[in-house]
Protein chains: 2
Amino acid sequence: MRFTIEQKELIKSLTTVQKGVSSKTTLPVLKGILIEAAENYLKMVTTDLEIGIEHFTTAQIEEEGIFVADAKLLSGIIRKLPSRPVTFVMDSQQQLTISCDHISFTLHLLEKEEFPELPIVMAENSFKVPQDLFKEMIHQTVFCASQDETKPSLLGLRVETKKNLLRLTGVDGFRLAYRNCSIDNEIEAAFTIPVKAMTELSQIIPDTSDPMQIAFTDKQIVFSMDNTKLISRRIEKPFIEYENILPKESEIQVTVNRGTLYSSVDRASLLVSEGKSSLMKWVLKNGELVMTAQTQMGQMIEKVPVDQQGEDMEIAFNARYLMEALRVIEDEEITIKMINHRSPAIIEPVEGDRYLHLILPVRMAAAEEA
Amino acid sequence: MRFTIEQKELIKSLTTVQKGVSSKTTLPVLKGILIEAAENYLKMVTTDLEIGIEHFTTAQIEEEGIFVADAKLLSGIIRKLPSRPVTFVMDSQQQLTISCDHISFTLHLLEKEEFPELPIVMAENSFKVPQDLFKEMIHQTVFCASQDETKPSLLGLRVETKKNLLRLTGVDGFRLAYRNCSIDNEIEAAFTIPVKAMTELSQIIPDTSDPMQIAFTDKQIVFSMDNTKLISRRIEKPFIEYENILPKESEIQVTVNRGTLYSSVDRASLLVSEGKSSLMKWVLKNGELVMTAQTQMGQMIEKVPVDQQGEDMEIAFNARYLMEALRVIEDEEITIKMINHRSPAIIEPVEGDRYLHLILPVRMAAAEEA
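Conventions adopted
Residues numbered from 1 in each chain as written. Chains lettered and ligands numbered in written order. Predicted model: local features only at pLDDT ≥ 70, side-chain atom pairs only at ≥ 80, totals over all residues. Heavy atoms only, no water. Contact = heavy atoms within 4.5 Å. Buried area = accessible area lost by both parts, 1.4 Å probe. Salt bridge = Lys/Arg side-chain N within 4 Å of Asp/Glu carboxyl O. Polar contact = N/O pair within 3.5 Å; in protein donor to acceptor, adjacent residues only side chain to side chain. Helix = DSSP H or I, 4+ residues; strand = E, 2+ residues; numbered from the N terminus. Nonpolar A, V, L, I, M, F, W, Y, C, P; charged D, E, K, R; others polar. Pairing = 2+ DSSP bridges. Axes fitted to C-alpha atoms, helices over the stretch in contact; angles between N-to-C directions. Buried < 20%, exposed > 50% of the residue type's maximum accessible area, 1.4 Å probe, protein only. Least-squares fit on C-alpha atoms with pLDDT ≥ 70 in both. Phe/Tyr/Trp six-rings, centres within 6.5 Å; stacked < 30°, edge-to-face > 60°. Lys NZ or Arg CZ within 6 Å of the ring centre and 35° of its normal. Parallel < 35°, antiparallel > 145°, perpendicular 65-115°, else oblique. Left-handed = near helix turned anticlockwise from the far one by under 90°. Patch = residues over 30% accessible without salt bridge, like charges linked within 9 Å, V, L, I, M, F, W, Y side chains within 5 Å. Areas by Shrake-Rupley, 256 points an atom, 1.4 Å probe, with all protein chains shown as cover. Lys, Arg positive; Asp, Glu negative; His and termini not counted. Charge placed at Lys NZ, Arg CZ, Asp CG, Glu CD.

Trainee: Give me the interface of chain B and chain A: which residues, what numbers.
Mentor: Contact with chain B, which involves 27 residues of that partner, is made by 27 residues of chain A. The junction of chain B with chain A conceals about 2300 Å² of combined surface from both sides, 58% of it contributed by carbon and sulfur atoms. Counting across the interface, chain B meets chain A through two salt bridges. Aspartate 266 of chain A serves as the salt-bridge partner of lysine 80 of chain B, at 2.7 Å between the closest nitrogen and oxygen. Inspection of the region where chain B meets chain A yields 13 residue pairs in polar contact (both at pLDDT 80 or more). It is strand 21 (residues 298–305) of chain B that contributes the most residues to the side of chain B that touches chain A, seven residues altogether. Class assignment of the residues belonging to the side of chain B that touches chain A gives a composition of 13 nonpolar, nine polar and five charged. Of the strand pairs in this sheet, strand 21 (residues 298–305) of chain A and strand 9 (residues 103–108) of chain B are connected by five bridges, and their pairing is antiparallel. Pairing of glycine 298 of chain A across the sheet is with leucine 107 of chain B, part of strand 9 of chain B.

Trainee: Give a description of the sheet that holds strand 8 (residues 95–100) of chain A that names residues and reports values.
Mentor: Read from one edge of the open sheet, nine strands run 5(A)-1(A)-7(A)-8(A)-9(A)-21(B)-20(B)-19(B)-23(B), paired in antiparallel fashion. Two strands bound the open sheet, and with one partner strand each, they are strand 5 (60–63) of chain A together with strand 23 (313–318) of chain B. Direction aside, neighbouring strands of the sheet carry axes that sit 15° apart on average. Where helix 1 (residues 7–18) of chain A meets the sheet, it contacts strand 1 (2–6) and strand 7 (85–90) of chain A, and its direction lies at approximately 95° from that of strand 1 of chain A.

Trainee: I'd love a proper account of the sheet that holds strand 6 (residues 65–70) of chain A, names of residues and values included.
Mentor: Residue and element names in this part refer to chain A. Taken in spatial order, the eight strands line up as 6-2-3-4-17-16-15-10 in an open sheet, and their pairing is antiparallel. Both edges of this open sheet fall to strand 6 and strand 10 (125–130), since each of them pairs with a single strand only. The mean inter-strand angle of the sheet, taken between neighbouring strand axes irrespective of direction, is 20°. Taken together, the five bridges between strand 2 (residues 32–38) and strand 3 (residues 41–47) define a ladder with antiparallel strand orientation. In the sheet register, alanine 38 faces strand 3, and the bridge partner there is tyrosine 41. Most of the contacts of helix 2 (residues 71–79) go to strand 6, to which it runs at about 95°, and overall it touches strand 2 and strand 6.

Trainee: I'd like to hear about the pattern of salt bridges, residue by residue, with values.
Mentor: Residue and element names in this part refer to chain A. Across all of its chains, the model carries 38 salt bridges over all chains by this definition. One salt bridge in this structure joins aspartate 48 and lysine 196, with 2.4 Å as the shortest N-O distance. Pair noted here: aspartate 48 is in the loop between strand 3 and strand 4 (51–58) and lysine 196 is in helix 4 (residues 195–204), with a separation of 148 residues, a long-range link. A relative accessible area of 13% places aspartate 48 in the buried class. A residue is classified by how much of its surface remains accessible, and lysine 196, at 43% relative accessible area, is partly exposed. The closest approach of N and O atoms between arginine 179 and glutamate 136, which form a salt bridge, is 2.7 Å. Of this pair, arginine 179 sits in strand 13 (residues 175–182) while glutamate 136 sits in helix 3 (residues 131–139), placing them 43 residues apart in sequence. What you see here is one network of salt bridges that share partners, running through Asp172, Arg175, Arg320 and Glu324.

Trainee: Any details on the pairing of strand 11 (residues 156–162) of chain A? Residues and values, ideally.
Mentor: Residues and elements named next belong to chain A. When you tally the buried positions in strand 11, you get five out of seven residues, the bulk of the element. Bridge count for strand 11 against strand 14 (residues 189–194) is six bridges, and the pairing is antiparallel. By the bridge assignment, leucine 157 is partnered in strand 14 with isoleucine 193. Connecting strand 11 to the antiparallel partner strand 12 (residues 165–171) that follows it, the hairpin turn spans two residues, and lysine 163 within it adopts a positive phi of roughly 45°.

Trainee: Requested: an account of the relation of the copies chain B and chain A, with residues and values cited.
Mentor: Look at the two chain copies: a rotation about an axis and a shift along it is all it takes to match them. Take chain B, turn it by 180°, move it 0.0 Å along the axis, and it overlays chain A with an RMSD of 0.0 Å. In symmetry terms, the pair is related by a two-fold rotation axis. In this assembly, 100% of the residues forming the interface of chain B have copies in chain A that are likewise at the interface, indicating an isologous arrangement.

Trainee: How would you explain helix 5 (residues 258–268) of chain B if you had to name every residue and give the values?
Mentor: Among the residues of helix 5 of chain B, Arg258, Leu261, Ser264, Val265, Asp266, Arg267 and Ala268 of chain B are the ones counted as buried. One side-chain oxygen of the residue at the start of helix 5 of chain B lies 2.9 Å from the amide nitrogen of glycine 259 of chain B, identifying that residue as asparagine 257 of chain B.

Trainee: Could you give me a rundown of the packing of aromatic side chains, with the residues and numbers involved?
Mentor: Residues and elements named next belong to chain A. Applying the stated criterion to the full structure yields 18 aromatic pairs over all chains. Aromatic pair phenylalanine 134 and phenylalanine 223: ring centres 6.0 Å apart, planes at 35°, arrangement tilted. Within this pair, whereas phenylalanine 134 is found in helix 3, its partner phenylalanine 223 is found in strand 16 (residues 220–225), the two being separated by 89 residues in sequence. Over the ring of tyrosine 178 we find arginine 167, and its NZ or CZ is 3.6 Å from the ring centre.

Trainee: Talk me through unusual backbone geometry; I want residue IDs and the actual numbers.
Mentor: Residues and elements named next belong to chain A. Of note, glutamine 94 is a non-glycine position whose phi angle comes to about 65°, a positive value. Checked against the element boundaries, glutamine 94 lands in the loop between strand 7 and strand 8. Taking relative accessible area as the criterion, glutamine 94 reaches 39% and is therefore assigned partly exposed.

Trainee: I'd love a proper account of the packing of helix 1 (residues 7–18) of chain B against helix 2 (residues 71–79) of chain B, names of residues and values included.
Mentor: Residue and element names in this part refer to chain B. Viewed as axis vectors pointing N to C, helix 1 and helix 2 meet at an angle of 150°, and their least axial separation amounts to 10 Å. Here helix 1 is positioned roughly antiparallel relative to helix 2, judged by the angle of their axes. Crossing of helix 1 over helix 2 shows left-handed handedness. Each of Gln7, Leu10, Ile11, Leu14, Thr15 and Gln18 in helix 1 lies in contact with helix 2, whose residues at this interface are Ala71, Lys72, Leu74, Ser75, Ile78 and Arg79. Split into classes, the residues belonging to the contact of helix 1 with helix 2 amount to six nonpolar, four polar and two charged.

Trainee: Which residues make up a negative patch on the surface, and what are the values?
Mentor: Residue and element names in this part refer to chain A. A grouping of Glu249, Glu251, Glu311 and Asp312 is seen on the molecular surface, where their side chains present a negatively charged patch. Note on placement: aspartate 312 falls in the loop between strand 22 (307–309) and strand 23 (313–318). Overall, the relative accessible area of 37% leaves aspartate 312 in the partly exposed class.

Trainee: Outline the packing of helix 5 of chain B against helix 6 (residues 319–328) of chain B, listing residues and values.
Mentor: Any two packed helices are characterised by how steeply their axes cross, that is the angle between the axes, and by the distance between the axes. Residue and element names in this part refer to chain B. Helix 6 packs onto helix 5 with a crossing angle of 145° between their chain directions and a minimal axis gap of 9 Å. Remark: the crossing between helix 5 and helix 6 carries left-handed chirality. Here Arg258, Leu261, Tyr262, Val265 and Asp266 of helix 5 lie close against helix 6, whose contacting residues are Ala319, Leu322, Met323, Leu326 and Arg327.

Have a look at this one:
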């Protein structure tokens, strides 16, 4: 085997496929990248048995071949080579030599026969969404997905599409975030994708509005971009019927500057009791929101003028839940809808239904004790 | 007590004094910053009992007073306030209220009576050096100071001054780095300052060529900049007579591009054997330096043309020692002087004696085994 490729191009490709390498594995070959040189391209594959990434790039192939090299070592070496053509040669002893200018590395390879094949997904159904938009949608919902292994159905992001609408939803039992967008699509589908797959996917999506194809079977899903594919299993357990927990109407509504609110919550989270969550109490009264946080370290009080509709009320939140929701919203102004201190609060855009964040309040008694 | 200060000014001051806060301490008050409001200034003090930092800044004092607040919490709060005037008020219950715009924090304070007083250093001897130059000199030598607690005399940087020359030296038994500069000074002095004090000092030295005053007694040293002082004890054990280990003459001399050499050593360090240092073997022959590294992961070979004087030779080094020395040198070209594969190698400027790095070679047999 013998091929040559520009160092810069190779780095780009390795950065993409390396995301699929298993960090914790007892199977040594899963720490590797499989590289196949054929015709005028390189095919690179990584997998942790749950998620697989397949990537293609062009190269000058002089002799075809295939090998599996340690991903971390290979990336480390290529990253530290000069921006010049890099030549890969594999000899009959299955040793790989990487040459660039006056530099030459010889590496021991991993057993390519042990490298698992990615499943071949024969998907009949698919739809498309701009890549950068999908990346943004993941970012704005994935933090809400559960990390609680006892709730396996929530350990993923819900992807739903119906009548030109695409929605991503994350739920963890205390909060929920969804993000909508309109796409050109006639099929109706709903599936749950593991958080890890969605996180890796968002890391490899390039900043382009080119379409990503999302194709699926009963068991698998394939996200295809230009020259890269990510394949994941679907979570089979049914997702929570979250529409039922969204309050249908709200009596109290507040419109407030997102940045101001975020800064307040950020400051409140400085007052942490060891081992406890930071709590924040809101008193809404006469168009003013008074926010307080109190622990054994001290106390914070902030007053923010708001556009209030409905009665005065008091409510308390886990400051982290508020902060994580406010952090991913890009609007300058937001609307918060509340019913009472026991019912979930909703954060929405001032207009439209592009996104929704639901946060369960903390019982006031618990907030006082903290 | 009551005073007001601009948030931006306060952040600058806190960033400086916070470096002196004890990170690991059983004495809670050492996690604090002592702030004294008097006349038209604030005096801020932190100490870990070995090193003390004292800093002054102007503020609008309405009522004098003194308090000790948790350094991390105080800095965290001030950092997250808007860029506006911040007012501190301490009530008779020894509670501190910090107000800024619509925001108010109330903090519990630490016991100011327990805060240790910094030693008063009655220094008769002192000299001056530009602050930014001294910072650079610390950076270029401190990595060589020993971290081996069994060699207490080497756990510091040697500061020597004689006849308008100032030298900083770090030694750890395997390598040495010194850096010279000329200063306007007639006194002769030599002392050893703990690495921790030098590291903290380099972190608080501003980027200015204004003079730093270095004053000392038998036990203490005081570094004074504009409105900040750092006080440290001196290490009393005698420093190694390092002049004796510097080779007086060298038979083999190589002049080489520093960046090229650094990149090679950096690449060689990718091939690490678990739990062992990365070794690099050099073969100097006919004006070419062939560098190799070999572990169970693979092998690297690089060839670099050099300006060679003297015979051909082979020698091996710990790659990390080479890398750390080459990283702090700013010259484009350097000279490496060697005698044989058992004697220390010297890295020097092509001209002059601004700095010197000495590195002990690794025995070739050990290098082969690695």
